[in-house]
Amino acid sequence: MSISGNISEKLKSYNSKRSKSKTPEPFSSKDIDDEKLFFVVQKHKATALHYDFRLEVNGVMLSWAVPKGPTLDNRIRRLANKTEDHPLDYRHFEGLVPKGEYGGGPVIIWDEGTYFPEIELEDKSREQIKDKKKAEQVMDAGIEKGEIKFYLNGEKLKGSFVLIKTNGFPPGKKNSWLLIKHKDEYVLPDYDAKNYPKSIKSKRLIEEIK
Ligand code: MN
């Protein structure tokens with residue numbers, strides 16, 4: 001699909017529409033799947049390099065900027081700053097956000113796939129919620145609570161993770177969350193996103209996006 005050409009215009013009008021409304025309409029999209037929920041991680045070199053971690057919920061991509069990128073090492077907590085929701089279609093974007101625009105700089109699709117929210121059972125095991133309607137309700141409740149658990153089926157990122165709101169730590173940072181890998185068979189000690197630099201879509205490095 002050809003969205004890359006007008007994506008920044010689209011995002012601009014989407015955000016201005018949403019910011020004017022107290023109860024914003026979800027971005028209308030033909031890209032919604034009846035059964036699956038998608039996630040994407042976009043490596044983005046704006047003012048500073050970061051990884052935009054986005055989860056589909058209720059027709060938008062909830063977004064967090066993770067400066068050091070996600071990790072498969074369950075001993076590491078990655079700071080994840082909640083940023084504005086993005087349109088669903090934005091998950092396909094790889095290319096150059098024009099200079100001078102907000103977030104100007106190259107973007108690659110670092111990872112993508114489907115995900116399932118998880119709930120923790122009494123015995124501390126986790127259950128994947130596969131019904132999309134119920135899954136979105138679980139996500140809503142988790143966002144409200146400031147703790148969401150989910151299972152990623154990506155190319156790089158696999159298995160169970162949690163995002164936890166820090167409630168104002170560091171001081172003044174009300175949008176800070178932590179992204180943490182749960183212990184499971186996909187744990188990889190010392191995993192560092194920068195050692196896996198290629199786009200899973202085009203195999204390009206972010207330096208190759210001109
Ligand atoms: Mn970004």
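Residues numbered from 1 in each chain as written. Predicted model: local features only at pLDDT ≥ 70, side-chain atom pairs only at ≥ 80, totals over all residues. Heavy atoms only, no water.

(A) Inspection of the side chain of glutamate 112 at higher detail. Mapped onto the elements, glutamate 112 comes out in strand S6 (residues 105–120). No salt bridge is formed by the buried glutamate 112, whose closest oppositely charged neighbour, arginine 91, lies at an N-O distance of 4.2 Å. Setting aside anything within four residues of it in sequence, one finds glutamate 112 in contact with Phe39, Val40, Arg91, Asn153, Gly154, Glu155, Ile200 and Lys201. (Helix = DSSP H or I, 4+ residues; strand = E, 2+ residues; numbered from the N terminus. Buried < 20%, exposed > 50% of the residue type's maximum accessible area, 1.4 Å probe, protein only. Lys, Arg positive; Asp, Glu negative; His and termini not counted. Salt bridge = Lys/Arg side-chain N within 4 Å of Asp/Glu carboxyl O. Contact = heavy atoms within 4.5 Å.)

(B) Spotlight on the pattern of salt bridges. Taken as a whole, this structure holds eleven salt bridges when the rule is applied. Between aspartate 73 and arginine 75 there is a salt bridge; the shortest N-O distance is 2.7 Å. For aspartate 73, a relative accessible area of 1% corresponds to the buried category. Its salt-bridge partner being arginine 75, residue aspartate 190 comes within 3.2 Å of it at the nearest N-O pair. Linking aspartate 190 in the segment after strand S10 (176–181) with arginine 75 in the loop between strand S3 (60–66) and strand S4 (77–87), this pair joins segments that are 115 residues apart in sequence. Beyond isolated ion pairs, a larger network of salt bridges with shared partners links Asp73, Arg75 and Asp190.

(C) Representation of the confidence of the model for the protein. Within the protein, residue pLDDT values average 89, and 85% of them lie at 70 or more. With pLDDT under 50 throughout, residues 1–5 is counted as low confidence; its partners more than four residues away or in other chains account for seven contacts. Within the model, pLDDT remains below 50 along residues 20–26, and this stretch shows five contacts once partners closer than five positions in the same chain are excluded. (pLDDT = per-residue confidence, 0-100.)

(D) Layout of the nonpolar core. Grouped together as the largest cluster of nonpolar side chains are 29 residues, with contacts concentrated most on Phe53, Leu55, Phe150 and Leu163. Breaking this core down by element, the ones donating at least two residues are strand S1 (38–45), strand S2 (49–57), S3, S6, helix H2 (132–145), strand S8 (147–154), strand S9 (158–165) and S10. Setting aside chain neighbours within four positions, we find phenylalanine 150 in contact with Phe53, Leu55, Tyr115, Phe116, Pro117, Glu118, Gly159, Ser160, Phe161, Val162, Leu163 and Leu179. The next biggest cluster of nonpolar side chains, apart from the first, holds five residues, and it includes Met61, Leu88, Ile109 and Ile200. (Core = buried A, V, L, I, M, F, W, Y, C linked by side-chain atoms within 4.5 Å.)

(E) Inspection of the packing of aromatic side chains at higher detail. Counted under the stated rule, the structure contains eight aromatic pairs. Ring centres 5.5 Å apart and planes at 80 degrees place the aromatic pair tryptophan 64 and tryptophan 177 in the edge-to-face group. Taken together, the residues span a long stretch of sequence, with tryptophan 64 in strand S3 and tryptophan 177 in strand S10 at a distance of 113 residues. Its relative accessible area of 0% is what places tryptophan 64 among the buried residues. (Phe/Tyr/Trp six-rings, centres within 6.5 Å; stacked < 30°, edge-to-face > 60°.)

(F) Highlighting the coordination of the manganese ion. At the metal site, the manganese ion is ligated by His44 (ND1), His50 (NE2) and Asp52 (OD), and these contacts range over 2.1 to 2.3 Å. Read in sequence order, the donor residues for the manganese ion give the motif H-x5-H-x1-D. Take aspartate 52: its relative accessible area is 6%, and that puts it in the buried class. (Donors = N, O, S within 2.8 Å, 3.2 Å for Na, K, Ca; no water.)

(G) Expanded view of the environment of arginine 204. Here arginine 204 is to be found in the segment after S10. Among the residues examined, arginine 204 registers a relative accessible area of 31% and is labelled partly exposed. Among residues more than four places away in sequence, those in contact with arginine 204 are Glu94, Ile108, Pro197, Lys198, Ser199 and Ile209.

(H) Local environment of the environment of valine 60. Inspection of the secondary structure puts valine 60 in strand S3. On the basis of relative accessibility, which here comes to 6%, the residue valine 60 falls in the buried class. Each C-alpha atom of the pair valine 60 and histidine 86 lies 5.9 Å from the other, and the pair is 26 residues apart in sequence.

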